Amino acid sequence: MNLNYLAQNLIKLKNEYIDKIHSYNHIREFIPDPNHQSLFDKSHLEILHTFFKFNKIYYKEQSITLANIPCISYEGDINQFWLSSKKYDTNYQPFLPTWGLSALVMVLVAKDLGFENIIDIGSGDGRLLFCGSILGLNSVGVEIDKDLCDLQNEISSFSNVKFQVINGDSNSIDYSQLELENTMIFISALPESGEMISYGITNQFEKYRDKLHNVGITLMGSHTYRRYSRDRSMWGWGKFIDDCGLKIVECLSLPSSWTLDEKKETPYLFTLFKY
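Here is what the cut-offs are and how they apply
- Residues numbered from 1 in each chain as written.
- Predicted model: local features only at pLDDT ≥ 70, side-chain atom pairs only at ≥ 80, totals over all residues.
- Heavy atoms only, no water.
- Pairing = 2+ DSSP bridges.
- Helix = DSSP H or I, 4+ residues; strand = E, 2+ residues; numbered from the N terminus.
- Axes fitted to C-alpha atoms, helices over the stretch in contact; angles between N-to-C directions.
- Contact = heavy atoms within 4.5 Å.
- Buried < 20%, exposed > 50% of the residue type's maximum accessible area, 1.4 Å probe, protein only.
- Right-handed = clockwise from strand over helix to strand, strands pointing away.
- pLDDT = per-residue confidence, 0-100.
- Expected span 1.5 Å × (residues − 1).
- Polar contact = N/O pair within 3.5 Å; in protein donor to acceptor, adjacent residues only side chain to side chain.
- Arc of directions from axis to C-beta.

**A closer look at the sheet that holds strand 8 (residues 215-220)**
In a beta sheet, neighbouring strands pair by backbone hydrogen bonds and run either parallel or antiparallel. Sheet architecture is open: seven strands sit in the order 6-5-4-7-8-10-9, paired in mixed fashion. With one partner strand each, in any of the chains shown, strand 6 (164-167) and strand 9 (246-254) form the two edges of the open sheet. In this sheet, adjacent strand axes meet at a mean angle of 20° when their direction is disregarded. In this sheet, strand 8 lies alongside strand 7 (residues 183-187) in parallel orientation, the contact comprising five bridges. Within the sheet, the bridge partner assigned to Thr 183 lies in strand 8 and is Val 215. Lying on the sheet, helix 6 (residues 146-159) is in contact with strand 5 (138-143) and strand 6; it crosses strand 6 at an angle near 165°.

Written out as structure tokens, the structure reads:
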């Protein structure tokens, strides 16, 4: 499967979706009808629809056709969880989800790169874990907010898609209890706000260097920078990538809630530790 082609077509569908769906809900996205499209695996889409149907963030469904593909639009509200996630002193990125289809593409990239496990830092409502599980990867999420952990467990239980959820601070959990070899670690935080959590995690990994065979980190970059941004290289992550001895092996731009109404999508940087 050509994942760049898949990402480009997803962006085209997203742009048409934004033109057609006029809503005050910032949380809105679509999933194609599994039987009437050729982009994604039919079985993956069938299960992904259950994620939205069992996720209490979403309360509105609407049929829509995009590029002659029948789809379901899902709209929701995350205010309750966004506010809940802000109450923790060590939470540097309040909850705002990426798109379900983008999560599916990201996990497809991880699998295509040969990873067998994923760890999602700040796993939110568990969409990356959900996609990892349906693709056959061992999936573990670390989420500091108990309400979001409860939501993840509810979705897992109702959909019968199993993954592990750890309720805790990503900078204080014992990573030696997790499978680290052949693992892609997703850090769901934008540059600057996510810098501290990212350095905290990589500093901990220094203890486990002997276990870091084929281990990577996926970073959420940005095409826009604040006026006094410290780092404007590599989508905001250049210094971090150099400091931590990482190399970029793939970069895809995908729709997310951060870039819903923008022409440029969110760049996701797939990196590997050099040692």
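**Some details on the pairing of strand 4 (residues 117-121)**
Where burial is concerned, most of strand 4 is hidden: five out of the five residues are buried. Side chains Asn 117, Ile 119 and Ile 121 project from strand 4 onto one buried face, and the interleaved Ile 118 and Asp 120 project onto a second face that is buried too. Pairing of strand 4 with strand 5 involves five bridges; the strand directions are parallel. Each residue of the ladder has a partner; that of Asn 117, found in strand 5, is Asn 138. You can see the chain leave strand 4, run along helix 5 (residues 127-134) and come back into strand 5, and the turn it takes is right-handed. Direction of pairing for strand 4 relative to strand 7: parallel, over a ladder of five bridges. Within strand 7, the position partnered with Ile 121 by the bridge is Ile 187.

**Some words on the confidence of the model for the protein chain**
Mean pLDDT over the protein chain stands at 89; residues scoring 70 or higher make up 92%. Predicted confidence in the protein chain is weakest over helix 3 (residues 79-85), with a mean pLDDT of 66, and strongest over helix 5, with 98.

**Topic: the pairing of strand 2 (residues 58-66)**
In terms of strand pairing, strand 2 meets strand 3 (residues 69-76) through eight bridges, oriented antiparallel. Along strand 3, the bridge assignment pairs Ile 64 with Cys 71. Joining the antiparallel neighbours strand 2 and strand 3 is a turn of two residues, in which Ala 67 adopts a positive phi near 50°.

**Regarding the environment of Lys 247**
Within the secondary structure, Lys 247 is located in strand 9. The class of Lys 247 is partly exposed, set by a relative accessible area of 41%. Between the C-alpha atom of Lys 247 and that of Glu 61, which follows or precedes it by 186 residues, the distance is 41 Å.

**Here we look at helix 1 (residues 3-20)**
Under the 1.5 Å per step criterion, the end-to-end length of helix 1 is 26 Å for 18 residues, consistent within 8% with the ideal 26 Å. Taken as a whole, helix 1 has its buried residues at Leu 3, Leu 6, Ala 7, Asn 9, Leu 10, Ile 11, Leu 13, Lys 14, Tyr 17 and Ile 18. For helix 1, the elements touching its buried residues are strand 1 (27-32), strand 2, strand 3, helix 4 (100-112) and strand 9. The residue sitting at the N-terminus of helix 1 and contributing the capping side-chain oxygen is Asn 2; that oxygen lies 3.1 Å from the backbone nitrogen of Asn 4.

**Focus on the sheet that holds strand 3**
Across the sheet, which stays open at both edges, the three strands sit in the order 1-3-2 with antiparallel pairing between neighbours. Edge positions in the open sheet fall to strand 1 and strand 2, since each of these has one partner strand only. When strand polarity is set aside, the average angle formed by the axes of neighbouring strands in this sheet is 25°. Packed on one face of the sheet, helix 1 meets strand 1, strand 2 and strand 3 and runs near 110° to strand 2.

**Side note on helix 6**
Between the first and last C-alpha of helix 6 there are 20 Å, a value that for 14 residues agrees with the 20 Å anticipated at 1.5 Å per step. Looking only at helix 6, the buried set comprises Leu 148, Cys 149, Leu 151, Gln 152, Ile 155, Ser 156 and Ser 159. With its buried residues spanning 160° around the axis, helix 6 presents them on a single face. After helix 6 finishes, the residue Asn 160 shows a positive phi value of roughly 65°.

**A look at unusual backbone geometry**
Of note in this structure, Ala 67 is not a glycine but carries a positive phi near 50°. Its location among the elements puts Ala 67 in the loop between strand 2 and strand 3. Exposure remark for Ala 67: the relative accessible area of 45% places this residue in the partly exposed category. Although it is not a glycine, Trp 235 sits at a positive phi angle of roughly 55°. Within the secondary structure, Trp 235 is located in the loop between strand 8 and helix 8 (238-243).

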